[in-house]
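Examining the three-dimensional arrangement
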Amino acid sequence: MSKAAELAALIGGQKALSNRNLIINGAMQVAQRGTSAVTIADAAQYRVDRFNAYDNTSGAFTYEQSTTTPSGEGFINSTKLTVTSADTSIAAGEYAYYAQYIEGTNFSQCDFGNSGAKSVTLSFWVRSSATGTYCITLANSASNRSFVSEYTISSANTWEKKTITVAGDTTGTWLTTTGIGLKVFFCLAVGSTYQQSAGSWGTTSFAFGSSNQTNWLGTNGNTLYITGAQLEIGDVATAFEHEDFGTTLAKCQRYYNMMGADNAYSMWGATFHAGATTGKTTVLFPVEMRAVPTLGSSAANTFALYDTSGNIALTAISINVPNTWGTNLTVTVSSGLTGGQVSQLMANNNADSFLEFKAEL
């Protein structure tokens, strides 16, 4: 068979290997919010893009991007979680996890909720100072359909590759919209209220793991690293799909877009003066976002409007008439603008000023 025929057969047999990973940023390279550790609380928090961590135990842990990776696998980054305050006895209603939520438009090809639901295989590299049984849970948007799988970390502080295959769910409601199609939970600790037996689809509300889950938060200083996370259709884990950084970044920017200052006088866009104290700045996003975003920013006075008269520090900044591909910002100063003129929105001698647009699942 010629090489062209082999390629055609490969594509025709749906075995082509590009764009097969349903998890975004599985190599943990993109971290728009920063790489340093943040303490996780009783709310979903992000550090490495697309992956959130949550903790409602009596303990505490941090979440950061790391350069510790398995040797010879082509990875340069991982996620690092570190226990900073131990919880030696997980109460019934307590749990902690690391997770990615997959958009329904991307997950729809798996056909969950129908008779033709496809099996999926999750593979990843993990390293922890705490050995034992850990759990992965796949769940729908409502978290009333879930499949708990167990895996074992056998050797402390040693990279191990894990592979888990789950038969597709033929029942339940699985979104195929821009909402959450699938939740993928890496369980860190779980109380009895949120436990479910491993190995089959169940209906426990918000199941995060089984009764065998190791209490990773039980010892202060415990660490856990993850990289190379890949979820694909089928019963076989293929080699990790390394993609170029720009492609991964663009995928992440659909959900979160950080426009940070490159220097102390970075500029974001032209501002039309609506009057003596207000202006309108148009900002276009690098990719269309999943949904109309909300705005976050550094303090208003870290920004200024610049024109021929000099810099005027902002007193307020807010989002105005946003859509999925761009927005106007309403910027306010105490005085000094001339209606009908134009200035530049810029960093006010502050290299840490930033705008962030959030449309996470």
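One can find the structure itself at the top, above this paragraph.
Notes on the structure in this doc start here. Along each chain, numbering runs from 1 in the same order as the chain's sequence is written. The predicted origin of the model limits local features to residues at a pLDDT of at least 70 and limits the giving and counting of side-chain atom pairs to 80 or more, whereas totals for whole chains, interfaces and linings rest on all residues. Only hydrogens and water are set aside; all other atoms, that is, all heavy atoms of the structure, feed into the side-chain values.

**Regarding the layout of surface pockets**
Leftover empty space is mapped by rolling, across the atoms, a probe with the size of a water molecule. Taken as a whole, the second largest pocket spans an internal volume of roughly 180 Å³. A pocket here means an open set of points on a 1 Å grid, computed over the protein atoms alone, that has protein on both sides within 12 Å along at least five of seven lines. A cavity is instead a set of points where a 1.4 Å probe fits but cannot get out; residues with an atom within 4 Å of a point line either one. Surrounding the second largest pocket, Asn 19, Asn 21, Leu 22, Ile 24, Asn 106, Gln 109, Ala 250, Lys 251, Arg 254 and Tyr 255 form its lining. Here the term charged refers only to Asp, Glu, Lys and Arg, the term nonpolar to Ala, Val, Leu, Ile, Met, Phe, Trp, Tyr, Cys and Pro, and the term polar to all other amino acids, Gly among them. The residue inventory of the lining of the second largest pocket, partitioned by class, reads four nonpolar, four polar and two charged. Grid points are joined across faces, edges and corners, and a volume is the space filled by probe spheres set on the points.

**Notes on the packing of aromatic side chains**
How two aromatic rings sit relative to each other is given by the distance of their centres and the angle of their planes. We call Phe, Tyr and Trp rings a pair once their centres come within 6.5 Å, taking the six-membered ring for Trp, and we label the pair stacked below 30 degrees between planes, edge-to-face above 60, and tilted otherwise. A complete count under the given rule lists 27 aromatic pairs for this structure. For the pair Phe 107 and Trp 174, a centre-to-centre distance of 6.1 Å together with 45° between the ring planes defines the contact as tilted. Of this pair, Phe 107 sits in helix H2 (residues 104-107) while Trp 174 sits in the loop between strand E10 (160-166) and strand E11 (180-190), and the two are 67 residues apart along the sequence. Exposed residues in this analysis have more than 50% of their type's maximum accessible area, buried residues have under 20%, and partly exposed residues fall in between, with area computed by a 1.4 Å probe over protein chains only. The buried category is assigned to Trp 174, whose relative accessible area is 8%. Taken together, Phe 51, Tyr 63, Tyr 98, Phe 124, Tyr 134, Tyr 151 and Phe 186 form an aromatic cluster joined through their ring pairs. For a ring to carry a charge above it, either NZ of a lysine or CZ of an arginine must fall within 6 Å of the ring centroid while also lying within 35 degrees of the normal to the ring plane. Above the ring of Tyr 255, the side-chain terminus of Arg 50 is found at 3.8 Å from the ring centroid. One Lys or Arg, Lys 183, reaches over the ring of Tyr 101 and ends 5.7 Å from the middle of that ring. Note on conventions: DSSP H or I runs of at least 4 residues are helices, E runs of at least 2 residues are strands, and numbering of each starts at the N terminus.

**Overview of the sheet that holds strand E8 (residues 132-139)**
Strand order in the open sheet made by the seven strands is E2-E3-E6-E11-E8-E9-E12, with antiparallel pairing throughout. Two strands in the sheet have a free side with no partner beyond their single neighbour: strand E2 (45-46) and strand E12 (201-202). Between any two strands, at least two bridges found by DSSP are needed for them to pair. Here strand E3 (residues 51-55) runs beside strand E6 (residues 95-103); their pairing, made up of five bridges, is antiparallel. Looking across to E6, one finds that Asn 52 is bridged to Ala 99.

This is a description of form; function is not addressed.
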